[in-house]
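# Remarks on the overall topology
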Amino acid sequence: MRGFFRKNALWLFALTIALLAFPPQWYPYSARLKLTAWFGASDYRPLPASTSPTMGEAEIFCPADVPNWRAAQTIDGVDIEESLPCVADNPYAVAAFVRGTNNVSPETLRSSGLTSDAVVKGRDLDGDGDPDEIHIRLEVAELNGSSPVSADPVTKYSIAPGISPGLWVFAPKFVGMAVENFESNEARYSLRLPSPAIRIEQGDRVFITLENTHYMPHTLHLHGADHGFVTESGQGNDGMPLTSELPVLPGEARTYELSPRHAGTMYYHCHVQPHVHVQMGLQGLFVIEENRPNNWVQTMNIGAGLVRAPSQAVRESYDHEYDLHYLDLDKELSERVQRYNDPRLITQSMHRDYDVTDSTVDYFTLNGRSFPYTFRESLLAAKEGEVVKLRVVNGGSKGISLHTHGHKFTVTDRDGVTLPEAAQSPQDVVWLSTAQRVDLELRFENDGLHSYGPGIWPLHDHQVSGVTTDGIGPGGNLSAIVYSDFMDESGWPKTRGVSFDQYFTAEYYRREVPVWENYAPGIFAEPGKDGALYWRVLLFALSLGVAAASLFMRLRRS
């Protein structure tokens, strides 16, 4: 026995040191109780000191409105409403969408960034003062995709600080580059999620041409909108590859036709491999306005949000109109367009390797952004006494429990059909399943029922995951109803709670910042290293390594 210990002294000694260094915190709870009963409780050891987190500089909350896009103005005879939130649509594009890109001045067309055939408006067929022949052209764009010449995604579009998932969107036809300039890979302002809300008038003859500028096949399906199964020429018109027509291949185009008889809030989306293409962003609101004289509708609303040139029917009953497009995204799906440059590999990864039945939702957006960016451009802003119309679609794969603080709204329409007056009552939560639409009436009437009074009242999905971004909150589709008296000149709400600084950093959504650091610094900060534990672990690992090496050499010699 003495000879055995002498020959194996080194690895036995190292193993003994390893056992003595084994951190007590690693013992099972029952073993710790037994050791305490045998040897007594250990001395009190204070917790390690907190460390200060490293947090980058916060982004500017409200980008400067250098072009003065927010102001109410008249362009080419089109009255464009003021936009109170700090990020507004290009008013020249709004004017072009109302008059038609073929009917505006060269200066307006140039400032809109649109091609002359993006939205062509023709004859007044019924003599009521507005065009009834509408031709819309859409392209397909990829955001945050991979590039063979850059490690960064192109064309870059962020839904929140540091969050840039791969996306596909329908887009109107634009002149020039997809990025801001030659020195930037940031997407131009109008190339974004969601695909634009499209507006036409009841009874119009509408042609929508899909010019497939993407590397995959696509179609257009006009969900809920009155359209024939085939066009007058006999071409498939439902956008469903299994039953209607072959998809539009890359580099090809197809025109869809409709003359809708029923007004209401509808929806459009791609129907090729819809479990992937729809959830990548190929979807948008499709609104059919009631027929009225002199009804020049805003044919597209880029990014949804405030409709700055409402229809005649909306003006009759409401002070403002907002489009609200909710969408959720699976990070695992969106990242696939960022891994490869070969369309064959992307197609294989997305349409064969990806299993939607195992998917999880990571990002929740309202009008293409997540909190805090929703506070830049998706606030519902109005004055006391005003009445607002909301058109809401749930384009996500999960249901939404939409809730308003400080207000009760009335559901007036569901899936494009007006509800009986007896079925319309004030409520503060409405459920929207996937692809469902509701029209809501929101009254800024301080009567204790419709409104509790002026303020900044959150608007959000009451399912808790909906107000997170990749599991971190606050995030997701959180927005707010804001009275104009509670907004500053830049368009930012005059909040009275916590600072937004950390929410405007990428570090916060990378889980690198304690959630309450900005108003309870140090209390719930990052714990520092436990010095005693650190050295015990290090000694345990070294001793175990020495013991293993010594035993191995001993066995090898024998």
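This one's a predicted model, so the numbers in the text were calculated from it and none came from an experiment.

Reading the values: the criteria
- Residues numbered from 1 in each chain as written.
- Predicted model: local features only at pLDDT ≥ 70, side-chain atom pairs only at ≥ 80, totals over all residues.
- Heavy atoms only, no water.
- Helix = DSSP H or I, 4+ residues; strand = E, 2+ residues; numbered from the N terminus.
- Buried < 20%, exposed > 50% of the residue type's maximum accessible area, 1.4 Å probe, protein only.
- Contact = heavy atoms within 4.5 Å.
- Salt bridge = Lys/Arg side-chain N within 4 Å of Asp/Glu carboxyl O.
- Core = buried A, V, L, I, M, F, W, Y, C linked by side-chain atoms within 4.5 Å.
- Polar contact = N/O pair within 3.5 Å; in protein donor to acceptor, adjacent residues only side chain to side chain.
- Disulfide = S-S within 2.5 Å.
- Domains from an automatic or database assignment.

### Points about the environment of Val297
Along the chain, Val297 turns up in the loop between β14 (283-289) and β15 (300-301). Of the residues examined, Val297 reaches a relative accessible area of 4% and is grouped as buried. C-alpha separation for the pair Val297 and Leu193, spaced 104 residues apart in sequence, amounts to 22 Å. Setting aside anything within four residues of it in sequence, one finds Val297 in contact with Phe97, Val98, Lys121, Arg199, Ile200, Glu289 and Ser311.

### Here's the deal with the pattern of salt bridges
This structure, assessed with the given rule, holds 29 salt bridges. Of the charged contacts in the structure, one is a salt bridge between Arg137 and Glu211, with a shortest N-O distance of 3.8 Å. Taken together, the residues span a long stretch of sequence, with Arg137 in strand β5 (residues 133-143) and Glu211 in strand β10 (residues 205-211) at a distance of 74 residues. Neither residue differs from the other here; Arg137 and Glu211 are each classed as buried. The residue Glu245 makes a salt bridge to Arg254 at a minimum N-O spacing of 3.9 Å. For Arg254, a relative accessible area of 14% translates into the label buried.

### What to know about the nonpolar core
Formed by 58 residues in total, the largest nonpolar core has its most connected members in Leu324, Leu390, Val392 and Leu402. With five residues, the single largest contributor to this core is strand β17 (residues 320-329). Residue contacts for Leu390: discarding those within four places in its chain leaves Tyr322, Leu324, Leu380, Val438, Asp439, Leu440 and Leu442. Among the nonpolar cores identified, the runner-up in size contains 44 residues, and Val206, Leu258, Ala263 and Ile302 belong to it.

### Re the side chain of Glu133
The topology assignment puts Glu133 in strand β5. Here Arg123 takes part through its side chain, which lies 2.5 Å from a polar atom of the side chain of Glu133. Discounting chain neighbours no more than four positions away, the residues touching Glu133 are Val120, Lys121, Gly122, Arg123, Leu125 and Arg205.

### Some points on the state of the cysteines
The full count for this structure, using the stated rule, is one disulfide. Two residues share a disulfide in this structure: Cys62 and Cys86, whose sulfurs sit 2.3 Å from each other. Where Cys62 bonds to Cys86 through sulfur, the torsion about that S-S bond is close to -95 degrees, and the disulfide is left-handed. Residue Cys62 is found in the loop between β1 (50-51) and β2 (73-75), and its partner Cys86 is found in the loop between β3 (78-80) and α4 (91-99); the two are separated by 24 residues along the sequence.

### Regarding the domain arrangement of the protein chain
Under the domain assignment, the protein chain is made up of domain 1 (2-48 + 531-557) and domain 2 (75-489). Taking the mean C-alpha position of each, domain 1 and domain 2 sit 62 Å from one another.

### Some thoughts on unusual backbone geometry
Note the cis peptide between Val154 and Thr155, where omega equals -20 degrees. With respect to the helices and strands, the residue Thr155 is situated in the loop between β7 (150-154) and β8 (167-172). Residues Phe371 and Pro372 are joined by a peptide bond in cis, for which omega reads 10 degrees. Note that Pro372 resides in the loop between β18 (363-366) and α10 (374-377). Its identity is not glycine, yet Asp76 carries a phi of approximately 50 degrees, on the positive side. When you line up the elements, Asp76 lands in the loop between β2 and β3. Note on Asp76: relative accessible area 34%, which makes it partly exposed. Of note in the backbone geometry, Ala304 takes a positive phi value of approximately 60 degrees without being a glycine. Looking at the element boundaries, Ala304 is found in the loop between β15 and β16 (305-306). Looking at Ala304, the relative accessible area reads 8%, which means it is buried.

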